[in-house]
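Read off the chains here:
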Amino acid sequence: MTSGDPVQPPRRVDRAGIVIAALLAVLAVVLVWDTRVLQTTTMYGMGPEVMPVVVASGLALLAIGNFIDALRGSLPARESADPVPVALILVGLALLIAIIGFGGGFIMATSALFVTTSAAFGRRAILVDAIIALVMSTLIYLAFDRLLTLSLPTGLLERLL
Amino acid sequence: MIDTFAALAHGMAVAVQPMNLLYALIGVFLGTAVGVLPGIGPALTVALLLPVTYKLDPGGSLIMFAGIYYGGMYGGSTTAILINTPGESASMATALEGNKMAKAGRGGPALATSAIGSFVAGTIATLGLAFLAPWLVDFAVRFGPEDYFALMCVAFITVSATFGDSPVRGLTSLFIGLTLGLVGIDKLTGQARLAFGVPELLDGVEVTTLAVGLFAVGEALYVASRRHHTEEKLEPVRGSLWMTKEDWKRSWRPWLRGTMFGFPIGALPAGGAEIPTFLSYSTEKRLTKYPDEFGKGAIEGVAGPEAANNASAAGTLVPLLTLGLPTSATAAMMLAGFQQYGLNPGPLLFAERPDLVWGLIASLFIANCMLLVLNLPLVGLWVRLLAIPQPWLYAGILVFATMGTIAAKPSVVELSMLAGFGVLGFLMRRFDFPIAPLVVGLILGPIAESQLRRALAISLGDPMTLLQSPISATLLGVALIALLAPFVLKGLGRFKASED
């Protein structure tokens, strides 16, 4: 049991845990707020607004539970995390979404994601990776487009093929 | 009894059609190839390969699924043994002794005992499934909507609260899943919930998008964030692949015992292969004649948990096929596979599409045999897959993961959701929230709601209907006990600790 050791130093409040609890509470409020426009049309039984309220109550209780855990500092220990690679991958995903959104096509989009992820995992040969990524995504595109006849988003590069 | 044999024989006839054999083979091959990649467990394997089966007919697709499922399980244990990165908690026990064996140059026998143990356990457990399923179906036919609702409550609680480290964190994960399940058009009244005026959200949250985001993107972010802590080391497979006579003698009892732990626990709606694998590990540790080898690579410690893992995987198919109740993340993905064809597993499916259900069960046998034949000779190929440098591996995984979403729905909203679920998965890993309850909540939440509403509509709005049906009342009681038990036990533990 966690409370078995009497010589443990007093635990500190876990700030991340407080944020988690707050986010859960916000989610509960959003759920209830969203039900205000729902109309109860069912004569018997429950309408569409009941379940969101039930789930919201659960979330509110869990927000309190998480809050207590955070105050006690009883969250499991965490190792330090390196934010740079995480940010790099997220940039890659953002690039992918932007390129698809602006009609840049599948090959460019996935290549961007490949290169940033590979860099996040410590590769520095960006040019080599870019070539690998372009070749790979072109092959995937051709396989999907010609063999499986699934349509992937097309851009400038795809039209050249 | 006779009926079961007849049904199974009929299923075999479906499964051995050349096309279906080919689907099973492709499934086994793809499942192993993807499952063997580090950090990819069976649930993600199924989620990633779901789009591949879009264009097949339901029969072929489900048969391919069976192969992917078992292949992914097998691939996961290969990774656990050779680089000590169990893709999921169920392979953790295998990694304990298996990786030690590989370090000691006995990787070959470790892989062999896990392959043969998986085969033995899978075969026995699939037989168990074949005989238990019709019996459960007979029972489940009598279930009314209120009973189904109560049953789902049991599944919700056991998956999230009862067996995890922290009931609060498990339930939090479940309720986030339930929230996501509410998104979209309410099927009974046609009103939009939690869509915030975004048309793409009206169809609800796609299970595959959620699973791929949580598992693939989340895992990549998590591994990247802590790359400076660990260095993975691939153990080469040295020496003979084959087990010695001694190895066989030490393996067969753990295989059978592991199966006995795995199948019943998997078949109960309790979820997860974690408990049986660790039960099997501790049992083997207690019973072994070579206690000093444990911790240094004892073959019993691989044979038992691997068998338990596979048997419980077949066990989770019992509630999935007979009741439509997924009790693990992988089973939830299988349910998503059924739903993509508008099929709902349950007693009705056994009655209406026996060819499908029994074809699937028969394919499990076939997939199992294929794995045994394929994997030992092909182990060199799988090892080479493991040797892909980490940057390219994760870059490739992310490209593959997003590709599925791009192919299914190439919209900015869907891709943003994928990225958002990735961040959620990363945070959940970082703060130690279990992920399976979220997936189960998303897929089971809407079903539970519609069953409850149907029950209340039948009873003209009287909620007492939930307690008037004996089945439902019992199940709700079980759910309540399962919910309170961890808190009570924790309190007892604290009480005891303060007494010391």
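Scroll up to find the structure this text is about.
All values reported here derive from a predicted model rather than from experimental measurement. (Residues numbered from 1 in each chain as written. Chains lettered and ligands numbered in written order. Predicted model: local features only at pLDDT ≥ 70, side-chain atom pairs only at ≥ 80, totals over all residues.)

A. Spotlight on the overall build of chain A. The helix and strand inventory of chain A stands at six helices and zero strands. The linear arrangement of helices and strands in chain A, starting from the amino end, is α-α-α-α-α-α. Intrachain contacts of chain A at a sequence separation of at least 6 include 62% that bridge at least 24 residues. (Helix = DSSP H or I, 4+ residues; strand = E, 2+ residues; numbered from the N terminus. Contact = placed C-beta atoms within 7 Å.)

B. Geometry of the overall build of chain B. The number of helices and strands found in chain B is 20 helices and two strands. Overall size of chain B, expressed as C-alpha extent along the three principal axes, is 70 × 65 × 50 Å. Expressed as a percentage of its 500 residues, the buried residues of chain B come to 61%. A separation of at least 24 residues holds for 81% of the contacts in chain B among residues at least 6 apart in sequence. (Buried ≥ 20, exposed ≤ 12 C-beta atoms within 10 Å, placed from the backbone.)

C. Region of interest: the packing of helix H9 (residues 207-225) of chain B against helix H17 (residues 412-430) of chain B. All names here are of chain B. In the contact formed by H9 and H17, the axes pass within 7 Å of each other and the chain directions differ by 55 degrees. Considering their axes alone, H9 and H17 lie oblique with respect to each other. Crossing of H9 over H17 shows right-handed handedness. Mapping the contact onto sequence places Thr209, Leu210, Val212, Gly213, Leu214, Phe215, Val217, Gly218, Leu221 and Tyr222 in H9 and Glu414, Met417, Leu418, Ala419, Phe421, Gly422, Leu424, Gly425, Phe426, Arg429 and Arg430 in H17. (Axes fitted to C-alpha atoms, helices over the stretch in contact; angles between N-to-C directions. Parallel < 35°, antiparallel > 145°, perpendicular 65-115°, else oblique. Left-handed = near helix turned anticlockwise from the far one by under 90°.)

D. Representation of H9(B) in the model. Residue and element names in this part refer to chain B. Along its 19 residues, H9 runs 26 Å from first to last C-alpha, staying within 8% of the 27 Å computed at 1.5 Å per residue. Where H9 bends most, the angle comes to about 30 degrees, and this point is Gly218. Within H9, 19 of the 19 residues are buried, which leaves it mostly tucked inside the rest of the structure. (Expected span 1.5 Å × (residues − 1). Bend = angle between axes of the 7 residues up to and from the residue.)

E. Broad picture of the environment of A:Leu93. Locating A:Leu93 in the fold gives a position in helix H3 (residues 83-101). By C-beta crowding, A:Leu93 is classed as buried, having 25 other C-beta atoms within 10 Å. Taking the C-alpha atoms as reference points, A:Leu93 and A:Thr110, separated by 17 residues in sequence, lie 8.9 Å from one another. Those residues within four positions of A:Leu93 in sequence are excluded, and the remaining contacts are A:Leu113 and B:Ala419.

F. How the structure looks around the nonpolar core. Membership of the largest hydrophobic core comes to 206 residues, with the highest contact counts inside it found for B:Ala211 and B:Val439. Residue contributions to this core peak at 15 residues, all from helix H15 (residues 354-386) of chain B. Taken domain by domain, the makeup of this core includes at least three residues from each of domain 1 (15-72) and domain 2 (83-160) of chain A. Excluding its chain neighbours within four sequence positions, the residues that come into contact with B:Val439 are B:Gly177, B:Leu210, B:Ala211, B:Ala329 and B:Ala332. (Core = buried A, V, L, I, M, F, W, Y, C linked by C-beta atoms within 7 Å. Domains from an automatic or database assignment.)

G. Here's a closer look at the interface of chain B and chain A. Taken together, the contact between chain B and chain A spans 50 residues of the former and 57 residues of the latter. When contributions to the side of chain B that touches chain A are tallied by element, the ones reaching two or more residues are helix H8 (167-182), H9, helix H16 (390-408), H17, helix H18 (436-458) and helix H20 (470-499) of chain B. Sorting elements by how many residues they give to the side of chain B that touches chain A places H16(B) first, with eleven residues. Broken down by class, the residue content of the side of chain B that touches chain A amounts to 28 nonpolar, twelve polar and ten charged. (Nonpolar A, V, L, I, M, F, W, Y, C, P; charged D, E, K, R; others polar.)

H. Fine view of the environment of B:Pro199. Structurally, the position occupied by B:Pro199 is in the loop between strand S2 (192-193) and H9. Separated by 151 residues in sequence, B:Pro199 and B:Leu48 place their C-alpha atoms 25 Å apart.

I. Representation of the packing of helix H4 (residues 106-120) of chain A against helix H5 (residues 126-147) of chain A within the structure. All names here are of chain A. Two elements in contact, H4 and H5, have axes separated by 8 Å at closest approach and are oriented at 140 degrees. Classed by the angle they form, the pair H4 and H5 counts as oblique. Considering how the two elements wind past one another, H4 and H5 form a crossing that is right-handed. Touching Phe106, Ile107, Thr110, Ser111, Phe114, Val115, Ser118 and Ala119 of H4 are Ile126, Asp129, Ala130, Ala133, Leu134, Ser137, Thr138 and Tyr141, all from H5. For the contact of H4 with H5, the per-class residue count stands at ten nonpolar, five polar and one charged.

By themselves, these figures tell us nothing about what the structure is for.
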